[in-house]
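# An overview of the molecular structure
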Amino acid sequence: MNLSSFESICIFLISQALLALGIQQIHVGQEMIGKISAAGQLMQCSASLDVLFLLDGSYSIGKGSFERSKHFAGKLCDALDIHPDRVRVGMIQFSSTPHLEFPLDSYLTKQEVKERIKRTVFRGGSTETGQALKYILHKGFPGGRNSSVPEVLIIISDGKSQGSTAVPAMQVKERHITVFAVGIKFPRWEELQVLASEPPERHLLFAGDAEDAANGLYSTLSDPVCTATAPGCKVESHPCERRTLETVKELAGSYVCWKGSKQPNAVQASLCPFTRWKRVLIKHPSRCFRTVCPAAKLSLECGVDLLFLMDSSAGVTLEGFLRFKAFLKRFLQAVVGQDSPVSVGVAQYDDNIKVPIELGRHKDALSLTKRIDALNFSGGRTLTGRALQYIAQHGFRSSPVFADVQDGLPRVVVLLTDSKSEDSVAEAAKYVKDQNIFLIGIGSSFMRAELTTVTGNPQQTIVYSDPQDLFNRMPELQRKICSVGNPEGCQAQSLDLAFAVDASSGVGLENFLRLRRFVRSSCLHFIINRDVTQIALVTYGSKAHTVFALDTHTSSSAVLQAIDQVPFLGDSASAGSALLHVHSDVMTVQKGARPGVNKVVVLLSNGGGMQGAAAPAQQLRHNGILVFVVVIGDADRDTLLRVAGSPNYLVHISSYEDLQYYQGLIIERICEGVLRGDSPRSPGLPPRSHVQWSPRGLQHLSRALQHSKRQMDQRH
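Right, let's walk through the structure included here. (Residues numbered from 1 in each chain as written. Predicted model: local features only at pLDDT ≥ 70, side-chain atom pairs only at ≥ 80, totals over all residues. Heavy atoms only, no water.)

### Digging into the overall build of the protein chain
- For the protein chain, the count of helices and strands is 23 helices and 21 strands.
- Out of the 716 residues in the protein chain, the part that is buried amounts to 52%.
- Counting only contacts in the protein chain whose residues sit at least 6 apart along the sequence, the fraction spanning at least 24 positions is 76%.
- With the model as given, the accessible surface of the protein chain reaches about 32,100 Å², and the carbon-plus-sulfur share is 51%. (Helix = DSSP H or I, 4+ residues; strand = E, 2+ residues; numbered from the N terminus. Buried < 20%, exposed > 50% of the residue type's maximum accessible area, 1.4 Å probe, protein only. Contact = heavy atoms within 4.5 Å. Areas by Shrake-Rupley, 256 points an atom, 1.4 Å probe, with all protein chains shown as cover.)

### Comments concerning the pattern of salt bridges
- Going through the model one piece at a time under the given rule, you end up with 23 salt bridges.
- Residue E115 pairs with K118 through a salt bridge whose shortest N-O separation is 4.0 Å. Of this pair, E115 and K118 are both found in helix α4 (residues 110-118), 3 residues apart, which corresponds to roughly one turn of the helix.
- Among the ionic pairs, E236 bridges to K234, the shortest N-O distance being 3.6 Å.
- Salt bridges here are not isolated pairs; linked through shared partners, they connect E115, K118, E319 and R323. (Salt bridge = Lys/Arg side-chain N within 4 Å of Asp/Glu carboxyl O.)

### Points about a nonpolar patch on the surface
- Nonpolar side chains collect at one region of the surface, where V256, W258, V267 and L271 lie side by side and expose about 500 Å² of accessible area between them.
- Relative to the assigned elements, V267 resides in strand β9 (residues 267-292). (Patch = residues over 30% accessible without salt bridge, like charges linked within 9 Å, V, L, I, M, F, W, Y side chains within 5 Å.)

### Some points on helix α19 (residues 575-585)
- The element α19 is largely enclosed, with a buried count of 10 among its 11 residues.
- Among all positions of α19, only A575, G576, S577, A578, L579, L580, H581, V582, H583 and D585 are buried.

### Quick word on the state of the cysteines
- Applying the stated rule across the entire model yields 2 disulfides.
- Through a disulfide, C240 is tied to C288; the S-S separation comes to 2.2 Å. Here C240 and C288 share a disulfide; its torsion about the S-S bond, 85 degrees, makes the bridge right-handed. Within this pair, whereas C240 is found in strand β8 (residues 234-260), its partner C288 is found in strand β9, the two being separated by 48 residues in sequence. Just as C240 is buried, C288 falls in that class too.
- Disulfide partner of C257: C272, at an S-S distance of 1.6 Å. Its torsion about the S-S bond being 65 degrees, the disulfide of C257 and C272 is classed as right-handed. (Disulfide = S-S within 2.5 Å.)

Given below as structure tokens:
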């Protein structure tokens, strides 16, 4: 290797080290940086505005920095409300000559603009910034609205133009075009300052920190162009420093050299100066204007074992993986305090699963975020099902010293994915839930169906519409995590709950399995034990069968396993027989019903066999038992209302596919009824039933049910 090659390598390595030190630094504390980051989550410039990107595509930038410029432009688009009537975006690439990549009226949605920016190809050439500005003076904003709306020019360059830029830059600004000059690579800030609008400290940005630059851009445009900042947020001025990397010649010392002498055949020893090239940072003190917002005041004061399972497959892409990392860091910074009772772990997966941050190993947010920073994208196949099963088996292991000790805390897995799984998730998710692990799914909108399959409940699924929206979901995630260990409302009160499920031929096997899954996922919302919630299950066709009584199972896992074994019956339906069975053989002291405890029956039906159901439903209500009716498909509403007793306790759903989306509403309605006292508690229970039916009354009800059954049989 020759000396010049070695020097080139050294200069490159020094450059990278200096870049790591930061070309721009805002001199504020960690708390203020948190506030600036919080503001970045709330930004959205929603106004009539024409924005034109002018990207330096010259050889001095190079292909790598050009790709970073594209990434930065895409990041800025996240803070712009791109719409035909609001913000429009166009792009010009310049080097030896300017080239229009796309005019402002070509792409009118944020997604389209960002996709087109990604496809822009590096051209190379000399850096003729002045020529690019003259092009804009001559052509205007291509596809723009002819100065009828404010115009913003965003120049992304290293500021090393081959010609003068002062005159065309002044002429552009005289046309009332707001110019932002954004440095890339190792910028020459003096030239960029000439390009930028006044005052330059409000219009000079650095593309190396995309989030900070987006904040700076928004802070300048927020008054008066963009809409007002979010409540509690304000624009503040902070001392900052920008740096330029320059190559300078310096005297390194002297060495002995030999020079000629006036005397013939003689040389003279002398000291000769020795110089070398050196890279130095030239500092430019300035002020930076940024929007700051109060840092998110969330907390995880609930005691849970919390494991994040992060998709690192090719389908989620590097950009998506980095987004999940950023979300995870911000969330943990907001919720993990010094005395937080939560234990956190992080796993990542593609076709392999790794647990780089073991549960409970790191107790503070700083060490957690450092470990998250160190996670690398892997990019294999998306095997979500395999990852879920692995985590259920290995993710919550105790440390070897205390291998036999269980901390008793609720266990929660938060799945972050944005790629459809290449293996089955349904069985794996069922296995996870069978281990009493609570699942929360997070992904973009197109992942909704798969995430609901994983969690078993739309209420445990968080979907976001765009990358910015993901960060707005942190409070929602905090609530869902803490609801596991601390159920609210009637879910934390003593309750005897019975499900009566239609297993008749009118429902069919496939839909019966959907009803069974619905009951199963509903049970996950209650604390099941002798002191809080007891659950019973009845299936019915022409006759009712107790699958398990209120006092049969005393844990969630036992109830879930029993539900999975429930067989399909397949004959005609009689909802009245089912309700009478619940009254006489389920809600009794002998079968585990507790005196003085709230009682609820949830009837799940396709609407058939409702004749004769109103009378036993009324008797159940008379004895303090709330009757909740869920009907899927066509049915006579008046008949259903007589059974339910009130519209508040009737949910009529058009299809079995939609049933899962009503679970939260149904549980909420049940809780409202219990807490409101619509079904008053009975002071005591006789040995067999709540009500003293007369023998004649029982015979009359039995004959009525048999009569309605015969009518149905004749119809079939």
